[in-house]
Amino acid sequence: MSTPLSPKTVSIIGTGNMGGAMAANLLARGWAVQVCDIDPVKVADLEEKWASALAVPAQAAINSVAFIVCVVDAAQTDAVLFGPDGLARMLQPGHTVMLCPTISPQDVEAFAGRLAALGVHTVDAPMSGGPARARDGSMSLMVACAPAVYEQQADLLQALSGKVFRISDRPGDGARTKLVNNLLAGINLVGAAEVLALAGRLGLDPGRTLDVIEQSSGQSWIGSDRMRRAIAGDYAPRAHLTLLEKDTRLAVEAARAAGFEGPLGARASDVFSQAHRAGLAALDDAAIFKYLADR
């Protein structure tokens, strides 16, 4: 099912956990949404909510307010933008591309430069908050773009996010902010998993221990969110372990490029890599608890 395109048309390329939730949010708010994904099931689900399906990114409507790229990594972003059926085939001067993946600042800058050569604006806008918050519009966006572009996209940004953080005018700074945030998320998650695995080894009840932590100085949002699921044995992927593995690796690489070497980031990143090699890549990142508890 589809509806006619309206002046408030948005094209979203990549409708996984986050992109699909963003599309559903915009559809519920009355936006016309075009969607494209390599998984036809995800596209079909959004068609039932009145989205229009695209076979390839290059079929996106020329009157789209913005073209949102919500894929996994830089390689996929490059394919979506500049591949044989990529958006670059139909983009025109004055169009805006919003980059939402967590990728390196250097990749964001490179994509923005190539788009600028076409006269196309870039909004560097990595996300945080998870699919549930993306679905209800309460997720966070870390936005870096030119002031005029920010004003032009204000309605869309407010529809997508109840927490829009205006980082700077320079694409790449959103990515830098997201990597700093996600490195801390990874450190906190590994720490929470470690201490609850320790609690079990000490003969304590992990659930009761987490009750105490949540009301004490050790509390963290990601620790509570993930460890409640882990204690229940629920590792169904909301955010795959490989995503924080990628994000923490990118953050450590960015730190080293800046001449900074902290004591915790690289170690936390190594734990995600070890859990991946241990066969947990397809699970939720809460499986860090399983990896540490089973050691």
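Residues numbered from 1 in each chain as written. Predicted model: local features only at pLDDT ≥ 70, side-chain atom pairs only at ≥ 80, totals over all residues. Heavy atoms only, no water.

1. Side note on the pairing of strand 5 (residues 96-99)
The alternating pattern of strand 5 places T96 and M98 and V97 and L99 on opposite faces, both of which are buried. Note: strand 4 (residues 66-69) against strand 5, three bridges, orientation parallel. Across the sheet, residue F67 finds its bridge partner in strand 5, namely V97. Viewed along the sheet, the connection from strand 4 through helix 3 (residues 74-82) into strand 5 turns out right-handed. Taken together, the four bridges between strand 5 and strand 6 (residues 121-124) define a ladder with parallel strand orientation. Considered in strand 6, the bridge of V97 is made with T122. Considered for its hand, the β-α-β crossover made up of strand 5, helix 4 (residues 105-116) and strand 6 is right-handed. (Buried < 20%, exposed > 50% of the residue type's maximum accessible area, 1.4 Å probe, protein only. Helix = DSSP H or I, 4+ residues; strand = E, 2+ residues; numbered from the N terminus. Pairing = 2+ DSSP bridges. Right-handed = clockwise from strand over helix to strand, strands pointing away.)

2. A look at unusual backbone geometry
Excluding glycine, residues mostly have negative phi values, and the peptide bonds linking residues are mostly trans. You will see that W50, though not glycine, has its phi angle at about 85°, which is positive. Topologically, W50 is positioned in the loop between helix 2 (40-47) and strand 3 (52-53).

3. As for the packing of helix 8 (residues 173-201) against helix 11 (residues 241-257)
Running from N to C, helix 8 and helix 11 point in directions that differ by 120°, and their axes come no closer than 8 Å. Classed by the angle they form, the pair helix 8 and helix 11 counts as oblique. The hand of the helix 8/helix 11 crossing is left-handed. On helix 11, the residues that touch L179, N182, L183, G186 and L189 of helix 8 are L244, D247, T248, L250, A251, V252 and A254. Of the residues assigned to the contact of helix 8 with helix 11, the class counts are eight nonpolar, three polar and one charged. (Axes fitted to C-alpha atoms, helices over the stretch in contact; angles between N-to-C directions. Parallel < 35°, antiparallel > 145°, perpendicular 65-115°, else oblique. Left-handed = near helix turned anticlockwise from the far one by under 90°. Contact = heavy atoms within 4.5 Å. Nonpolar A, V, L, I, M, F, W, Y, C, P; charged D, E, K, R; others polar.)

4. Some remarks on the nonpolar core
With 35 residues, the main nonpolar core has M22, L26, I68, M98, V143, L156 and L160 as its most contacted residues. Considering every element that reaches this core, the biggest residue donor is helix 1 (residues 17-28), with seven residues. If we skip the residues at most four places from it in the chain, L26 touches V10, I12, W31, V33, L156, A159 and L160. Core analysis: the second largest hydrophobic core is formed by 26 residues, A275, A287, Y291 and L292 among them. (Core = buried A, V, L, I, M, F, W, Y, C linked by side-chain atoms within 4.5 Å.)

5. Structural notes on the packing of aromatic side chains
If you walk through the whole model with that rule in mind, you get one aromatic pair. On the numbers, 6.5 Å between centres and 25° between planes, the contact of F82 with F111 is stacked. Residue F82 is located in helix 3, and its partner F111 is located in helix 4; the two are separated by 29 residues in the primary sequence. Just above the ring of F82 sits the side chain of R114; from NZ or CZ to the centre is 3.7 Å. Between R166 and the ring centre of Y150, over which it is positioned, the NZ or CZ distance is 4.6 Å. (Phe/Tyr/Trp six-rings, centres within 6.5 Å; stacked < 30°, edge-to-face > 60°. Lys NZ or Arg CZ within 6 Å of the ring centre and 35° of its normal.)

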